[in-house]
Each structure stands twice: as structure tokens, then as C-alpha cells.
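Coordinate analysis (summary)
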Amino acid sequence: MNRQKISKAENCISYSQRFNEAQSLFLSPAKSTGAAAANVIATTQRPLLLQSLGISSTQFGDISDIKVAGQSLNCSDSSAAIGAFLFANQGASNRVIGLTIANNQTVSIEAALAGAGDFGFGISAYPIDPQNVRSLKEQADRYNYYFGLGVAAPAGLGAATLQSTATRGCVLGEVRLVNQTAGGAVPDSDLVITSFKVSGIEQLAGDTNQEVPFSAFTGSSTDVMGLALDYPIEPNAIVQIVVENKNAAAAATVSGAIFVAPYTKS
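Residues numbered from 1 in each chain as written. Predicted model: local features only at pLDDT ≥ 70, side-chain atom pairs only at ≥ 80, totals over all residues. Heavy atoms only, no water.

This part takes up the overall build of the protein. Per the secondary structure count, the protein includes two helices and 17 strands. When the 266 residues of the protein are sorted by exposure, 49% land in the buried category. Intrachain contacts of the protein at a sequence separation of at least 6 include 85% that bridge at least 24 residues. Put simply, the protein shows about 11500 Å² of open surface, and 50% of that area lies on carbon and sulfur atoms. (Helix = DSSP H or I, 4+ residues; strand = E, 2+ residues; numbered from the N terminus. Buried < 20%, exposed > 50% of the residue type's maximum accessible area, 1.4 Å probe, protein only. Contact = heavy atoms within 4.5 Å. Areas by Shrake-Rupley, 256 points an atom, 1.4 Å probe, with all protein chains shown as cover.)

What follows is the structure in C-alpha cells.
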């Protein structure tokens, strides 16, 4: 899955088109500062092809929704971890939104931070001609952008399940999990994944004793292709990820998101 290559090819973006034209670089809102609840909105000043989304936040937390022109990009009934979208994460090409958007339209992100902090985002973008902005119907697949995994809290020496239900059909792509434990009381090295099911079908390849290091799914993991499920699901499909905490002294908080492939099941 490479949302960047697909979006550029479909919208005929090439270097020859970009010479001697204004470059957009980033679309960003005014940053939310000193608040635990953030609702930041960026407004376009020219027609754009939206590319990779990156988030800057001084706190852990969860994204309630991301909207483009008022339409939600979430394919599940659950929130997504802020940490899955950080600028520093690997796999920026799979964070490409790929939607065309007209002048004076908005991109908004609503988030709940773990405490008062600063929150903002930037989306790299290409300028396009107004006649190349596609309708909602023409680019409906692109609104399938991410699948929120919710939040789970495995107790010390315990396990908990991230569980989310699909609100629309989509193709699950790159998986990113985030350790949101306060103060780093439980490091990534103390967390393992013991089961990863989609619609009841196990995605891990080992036996019932398998324990995949949590760090295999974090933003610093470079195995972008290995993290891509490329798994089509129907509405109401359930994704379940069991996280086990090997730390006896503290409970952990985990969350995540799955970036969705830019096409639907045929």
C-alpha cells in the first residue's frame, strides 16, 4: 500500500506541472495551546491535493475524529492514538490522505490529550487547478483513511484487548500501536502482542505461545511493508488486538490506528 504514489498518479501530479507555480508545502491550523481538549481547523486558500498528515503534540492522547470538508476519515467506531500520526514516525507515504480539496474548505482534527498541552498538525500538499478538484462521489474511497483502535489498559502482569468495529467497508493497511503509559512506567520492552484477530481470524503466524514485541508495531519500526495487512473487511467487522503487560509494578495504557488502503473491496 502506498497512498502517496496512488494519489499522485490518479491526479496526474508530475514535476513538469509544478514548475513556475506556487508551492503549497503545508496546510496547518493555528495550534491549540495549554488545553487538554483540542479542536483545530485549517482552511485552504487554494485548491490542493492533500498528502501526508503529521501531528505535533506535547501530550499523549487520542484523536476523536479527522474530517476533510466536513466528512469523517475514520472507518471504525473508536478513537485513534495521537502517537500513530507523529511527524517522526516511519511510513509517511502511508499517512497520505490523497483527497483533492477546493479553496476555502477545511481540514479539522478533534483530540483529547492526557493533560493540558500543545497540539497541531501539518499536511503536505500539492497545488492543483480548480477543475481538477474531484467530487465527494468521485473520491469516496479516499475518505477511508484510518481505522481507530481505541484504548486498552493491561494491568501489571495482565492482558487487555484493543477492540474496534468497522463502520464501513475498507481495506486495512499499515498497523501502528502506541504505548501511552504515563511517565514511561511501562516501557515498550515490557509489552507483547499475543493475538491479532480480524473478524475472528488470527493474523499472527505462530502458535498460541507466540509473543510479538510491541515495538514491532510502533512508529519507530521500519518494517513498513511487514506492517501492512492489505486485508479487506465489511461493515461491522471486528478487529481485536490482545496486549500483554509483563511489568509487575504498573498498569499500561495502549492505543493505535490502522492506516487504510486507498481502495475498497471489489
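Following the criterion strictly, the structure yields three salt bridges and no others. One salt bridge in this structure joins Lys246 and Glu211, with 2.8 Å as the shortest N-O distance. One end of the pair, Lys246, is in the loop between β16 (238-245) and β17 (254-260); the other, Glu211, is in the loop between β13 (201-202) and β14 (212-213), and 35 residues separate them in sequence. Three or more residues are tied together by salt bridges with common partners; here these are Glu211, Glu244 and Lys246. (Salt bridge = Lys/Arg side-chain N within 4 Å of Asp/Glu carboxyl O.)

Moving on to the sheet that holds strand β11 (residues 170-179). Pairing in this open sheet of four strands is antiparallel, and the strands run β9-β17-β11-β15 from one edge to the other. Across the chains shown, the open sheet's two edge strands, defined by having one partner strand only, are β9 (146-152) and β15 (228-233). Between one strand axis and the next, the sheet turns by 30° as a mean value, whatever way the strands run. Of the pairings in the sheet, the one linking β11 to β17 comprises six bridges and is antiparallel in character. Each residue of the ladder has a partner; that of Val178, found in β17, is Ser255. (Pairing = 2+ DSSP bridges. Axes fitted to C-alpha atoms, helices over the stretch in contact; angles between N-to-C directions.)

This part covers the side chain of Ser32. One can find Ser32 in strand β2 (residues 32-43). When its relative accessible area of 13% is taken as the criterion, Ser32 is described as buried. Beyond its immediate stretch of four places on either side in the chain, Ser32 contacts Ala37, Ala38, Val40, Gly117, Asp118 and Phe119.

Turning our eyes to something else, we now look at the packing of aromatic side chains. Here the structure, examined in full by the defined rule, presents seven aromatic pairs. A ring pair is formed by Phe196 and Phe217, whose centres lie 6.3 Å apart and whose planes are at 35°; its orientation type is tilted. A residue pair is termed long-range when its members are at least 10 positions apart, and Phe196 in strand β12 (residues 191-198) and Phe217 in the loop between β14 and β15 qualify at 21 residues. The same class applies to Phe196 as to Phe217, namely buried. (Phe/Tyr/Trp six-rings, centres within 6.5 Å; stacked < 30°, edge-to-face > 60°.)

The next point concerns the environment of Pro29. Within the secondary structure layout, Pro29 lies in the loop between β1 (25-27) and β2. The spatial distance from the C-alpha of Pro29 to the C-alpha of Ile109 is 9.6 Å, given a sequence separation of 80 residues. In this view, Pro29 contacts Val40, Ile41, Ala42 and Phe121; residues no more than four positions away in its chain are not counted.

We now examine the pairing of β12. The buried fraction of β12 is high, at six of eight residues. Both β12 and β16 contribute to a ladder of seven bridges, which runs antiparallel. Opposite Leu191, over in β16, you have Asn245 as the bridge partner. Inspection of the sheet shows β12 paired to β13 by two bridges, in the antiparallel sense.

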